[in-house]
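# Report on the structure
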Amino acid sequence: MKKRTMVGLIVVLSLFIALAIQAKTHTFTFKMDHSVKGKTNFSLSKKSTNVYTTAKTYKHSNNKPTNDYLKYRISLHKKGAFMPSYRSEVKADGKKKTFKYGTIDKATYNIDLRVTNQDPSGSIYRYVKGSGQIVQ
């Protein structure tokens, strides 16, 4: 009887610990030809933080993917801060990207995005569409 109680207690404690350390995930989507300043507030903890995104470059003329890839910058912007707190730049080529920001400050953040290599003539014929996750 005591052995059964001890095994049951270990199982319950293991489940409780597994749920307590489970990663928290926030999701977002985006579509832009220049930039997007996020309006969704993400309350993040002082924890190791990774951001994952997948995005493709599309032509405005036919809304189909193109291999003439745009690059975009993704930033975690702490609410109230003048400059983005954490940022990285990648190609919108349809592949999953990982940004490891390490342990960040506990605060409210927004996601800001910006295309960094649009046509210098000012002609906007491509856009970026994608989605992402913030995982702590």
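Below or above, wherever it landed, is the structure these notes cover.

With that settled, the discussion passes to the nonpolar core. Ranked by size, the top nonpolar core spans 24 residues in total, and within it Y72, L76 and V128 carry the most contacts. Looking at this core, the element that brings in the most residues is strand β8 (residues 107-115), giving five residues.

Here we come to the pattern of salt bridges. Should the charged atoms of two oppositely charged side chains come close, the side chains can pair. Going through the model one piece at a time under the given rule, you end up with four salt bridges. The salt bridge partner of D112 is K37, with a shortest N-O separation of 3.5 Å. Remark: K37 occurs in strand β2 (residues 35-37) and D112 occurs in strand β8; sequence separation between them is 75 residues. Judged by its relative accessible area of 10%, D112 falls in the buried class. Residues K97 and D93 are paired through a salt bridge, measuring 2.9 Å at the closest nitrogen-oxygen approach.

Reading across the sheet, the four strands line up as β1-β9-β4-β7 and stay open at both edges, with antiparallel pairing between neighbours. If you trace the sheet from one side to the other, it starts and ends with β1 (25-32) and β7 (97-103), each paired once. This sheet shows a mean twist of 15° between the axes of neighbouring strands, independent of strand direction. As paired strands, strand β4 (residues 48-59) and strand β9 (residues 126-135) are joined by ten bridges and run antiparallel to one another. Note on β9: the bridge partner recorded for K59 is R126.

This brings us to the packing of aromatic side chains. In total, this model carries six aromatic pairs according to the counting rule given. Note on F30 and Y72: the rings are 5.7 Å apart at their centroids and 45° apart in plane angle, and the pair reads as tilted. Placement of the pair is F30 in strand β1 and Y72 in strand β5 (residues 71-78), with a sequence separation of 42 residues. The residues F30 and Y72 share a single accessibility class, namely buried. With a centroid separation of 5.6 Å and an interplanar angle of 45°, the aromatic rings of Y86 and Y101 are classed as tilted. Placement of Y86 in strand β6 (residues 86-91) and of Y101 in strand β7 is noted, with a sequence separation of 15 residues between them. The exposure class assigned to Y101 is buried, which follows from its relative accessible area of 13%.

Residue placement: T66 occurs in the loop between β4 and β5. Polar contacts involving the side chain of T66 include one to the main-chain amide nitrogen of D68, which spans 3.1 Å. Beyond its immediate stretch of four places on either side in the chain, T66 contacts T57, Y58, K59 and R126.

Here is what the cut-offs are and how they apply
- Residue numbers restart at each chain and count upward from 1, following the sequence in its written direction.
- This being a predicted model, a pLDDT of at least 70 is required before a residue's local features are given, and a value of 80 or more before pairs of side-chain atoms are given or counted; all residues contribute to the totals for chains, interfaces and linings.
- Excluded from the side-chain calculations are hydrogens and water; all other atoms, namely the structure's heavy atoms, are used.
- For this analysis, a nonpolar core means a set of buried residues of the types Ala, Val, Leu, Ile, Met, Phe, Trp, Tyr and Cys, connected via side-chain atoms within 4.5 Å.
- The classification of residues rests on relative accessible area computed with a 1.4 Å probe and restricted to protein chains. Under 20% of the type maximum is buried, over 50% is exposed, and intermediate values are partly exposed.
- The helix and strand labels rest on DSSP assignments: H or I over at least four residues marks a helix, E over at least two residues marks a strand, and numbering proceeds from the N terminus.
- What counts as a salt bridge is simple: a side-chain nitrogen of Lys or Arg found within 4 Å of a carboxyl oxygen of Asp or Glu.
- When DSSP finds two or more bridges between two strands, those strands count as paired.
- Lines fitted to C-alpha atoms define the axes here, with helix axes fitted over just the stretch in contact, and angles between the N-to-C directions of these axes take values from 0 to 180 degrees.
- We call Phe, Tyr and Trp rings a pair once their centres come within 6.5 Å, taking the six-membered ring for Trp, and we label the pair stacked below 30 degrees between planes, edge-to-face above 60, and tilted otherwise.
- Contacts described as polar in this section are N or O atom pairs within 3.5 Å, which, within protein, must combine one atom able to donate a hydrogen with one able to accept it, while residues neighboring in sequence count only if both atoms come from side chains.
- For this analysis, residues touch if any pair of their heavy atoms sits within 4.5 Å.

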